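Structure assessment
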Amino acid sequence: MPAVLEDYQKNFLDLALECQALKFGSFTLKSGRQSPYFFNLGQFNTGKLLSNLATAYAIAIIQSDLKFDVIFGPAYKGIPLASIVCVKLAEIGGTKFQNVKYSFNRKEAKDHGEGGNIVGASLEGQRVLVIDDVMTAGTAINEAFEIIGNASGNVVGVIVSLDRQEVLNTEASELLSATQAVSQKYGIPVLSIVTLTNIINYLDGRIPVEEKKKMEEYLQVYGV
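If you check an unreviewed UniProt entry, the chain appears there as orotate phosphoribosyltransferase from Lachancea fermentati. In its Subunit (unreviewed entry) section, UniProt records this for the chain: "Homodimer." The record held by UniProt for the chain lists under Pathway (unreviewed entry) the comment "Pyrimidine metabolism; UMP biosynthesis via de novo pathway; UMP from orotate: step 1/2."

See below:
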């Protein structure tokens, strides 16, 4: 029986459809695969949309009961996410989230002023939650681990908006999605607001039957 989505997840998906962050058709991914859907979190680009997006991230984080000190957003897409979610946690998360800090990296290190490539809170000795939009191959997250490690921080978890549940390499001896591979490699939880399975189940009756069927077939071929 499909998992029942919570209101914040339904709201997130409704808004993703409304602002066309979630689109259907035929899209060539970086991997070369032809996907029947495309997800672009950059379409959450108004105050209303960002506020609701931050709420969805914040609730998923709060419900995870993960203990952390800093939210780190990898440049570039993770930067606004880290800041808006930090604000939202302070608004709705109660006293335990009032002092959560945020931080992000520069693509190029600064050699004047305070210098370095970290902006915001120091990561040294801190428990760090990495936030990003969608994890496809895990490359950006692996880079974030290196940056945080070099700054003497300790990553305790990752959160993304969508878990594509997609196998990285169909020829590998062990079939893992990007989220599973990262979780296994670093021994940490990888959280998400929704999964592809959630999307398929929720959209039943909301999109044409043929579009839903294409997504189910794609998940059957590439899913874990």
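1. Side note on the pairing of strand S8 (residues 154-163)
Counted residue by residue, S8 has nine buried out of ten residues, so it is predominantly covered. Taken together, the two bridges between strand S7 (residues 134-135) and S8 define a ladder with parallel strand orientation. Each bridged residue has a counterpart across the sheet, and for Met 135 the counterpart in S8 is Asp 163. Relative to strand S9 (residues 190-195), S8 runs parallel, the two sharing five bridges. Residue pairing for S9: Asp 163 is matched across the bridge by Thr 195.

2. Some words on the nonpolar core
One recurring pattern in soluble globular proteins: nonpolar side chains tend to sit buried together. Within the largest apolar cluster, 49 residues are counted, with the highest numbers of intra-cluster contacts made by Phe 12, Phe 44, Tyr 57, Phe 68, Val 85 and Ile 199. With eight residues, the top contributor of residues to this core is helix H2 (residues 47-64). Non-local contacts of Phe 68, meaning those with residues more than four positions away in its chain, are made with Ile 61, Leu 89, Phe 97, Val 100, Arg 127, Leu 129 and Val 156. Core analysis: the second largest hydrophobic core is formed by 19 residues, Phe 72, Ile 118, Ala 144 and Ala 178 among them.

3. Things to note about the packing of helix H4 (residues 139-150) against helix H5 (residues 178-186)
Taken N-terminus to C-terminus, the directions of H4 and H5 make an angle of 25 degrees; their axes are 10 Å apart at the nearest point. Regarding the angle of H4 to H5, the classification is roughly parallel. Read as a crossing pair, H4 and H5 show a hand that is right-handed. Of the residues in H5, those touching H4 at Ile 141, Asn 142 and Phe 145 are Val 182, Lys 185 and Tyr 186. Residues of the contact of H4 with H5, tallied by class, amount to four nonpolar, one polar and one charged.

4. Thoughts on unusual backbone geometry
Here the residue pair Ala 75 and Tyr 76 is connected by a cis peptide bond, since its omega of 5 degrees sits within 30 degrees of zero. Backbone geometry places Asp 65, a non-glycine residue, at a positive phi of 60 degrees. The exposure class of Asp 65 is partly exposed, given its relative accessible area of 46%. Backbone geometry places Ser 152, a non-glycine residue, at a positive phi of 65 degrees.

5. Concerning H4
When the terminal C-alpha atoms of H4 are compared, their 17 Å separation across twelve residues agrees well with the 16 Å that a helix rising 1.5 Å per residue should span. Of all the residues in H4, the buried ones are Ile 141, Ala 144, Phe 145, Ile 147 and Ile 148. Viewed end-on, H4 has its buried residues packed into an arc of 165 degrees, placing them on one side of the element. In H4, the exposed positions angled more than 90 degrees off the buried face are occupied by Glu 146 and Asn 150.

6. Section: the packing of aromatic side chains
The full count for this structure, using the stated rule, is eight aromatic pairs. Centre to centre, the rings of Phe 12 and Phe 39 are 6.0 Å apart; their planes meet at 50 degrees, and the pair counts as tilted. Remark: Phe 39 occurs in strand S2 (residues 34-39) and Phe 12 occurs in helix H1 (residues 7-18); sequence separation between them is 27 residues. Judged by relative accessible area, Phe 12 falls into the buried class, the value being 1%. Counting every residue linked through ring pairs, the aromatic cluster contains Phe 12, Phe 39 and Phe 44. The lysine or arginine in question, Arg 206, covers the ring of Tyr 202, its NZ or CZ lying 3.9 Å from the ring centre.

7. Focus on the pattern of salt bridges
Between side chains of opposite charge, a pair can form as their charged atoms come close. Using the criterion set out here, one finds nine salt bridges in the structure. The salt bridge involving Arg 33 is made with Glu 166; its shortest N-O contact spans 2.8 Å. Of this pair, Arg 33 sits in the loop between strand S1 (22-28) and S2 while Glu 166 sits in the loop between S8 and H5, and the two are 133 residues apart along the sequence. The partner of Lys 67 in a salt bridge is Asp 65, and the shortest N-O contact between them spans 3.4 Å. One connected set of salt bridges, linked through shared partners, spans Arg 33, Arg 164 and Glu 166.

Criteria and thresholds
- Residues numbered from 1 in each chain as written.
- Predicted model: local features only at pLDDT ≥ 70, side-chain atom pairs only at ≥ 80, totals over all residues.
- Heavy atoms only, no water.
- UniProt positions renumbered as here; feature names shortened; annotations may be inferred.
- Buried < 20%, exposed > 50% of the residue type's maximum accessible area, 1.4 Å probe, protein only.
- Helix = DSSP H or I, 4+ residues; strand = E, 2+ residues; numbered from the N terminus.
- Pairing = 2+ DSSP bridges.
- Core = buried A, V, L, I, M, F, W, Y, C linked by side-chain atoms within 4.5 Å.
- Contact = heavy atoms within 4.5 Å.
- Axes fitted to C-alpha atoms, helices over the stretch in contact; angles between N-to-C directions.
- Parallel < 35°, antiparallel > 145°, perpendicular 65-115°, else oblique.
- Left-handed = near helix turned anticlockwise from the far one by under 90°.
- Nonpolar A, V, L, I, M, F, W, Y, C, P; charged D, E, K, R; others polar.
- Expected span 1.5 Å × (residues − 1).
- Arc of directions from axis to C-beta.
- Phe/Tyr/Trp six-rings, centres within 6.5 Å; stacked < 30°, edge-to-face > 60°.
- Lys NZ or Arg CZ within 6 Å of the ring centre and 35° of its normal.
- Salt bridge = Lys/Arg side-chain N within 4 Å of Asp/Glu carboxyl O.

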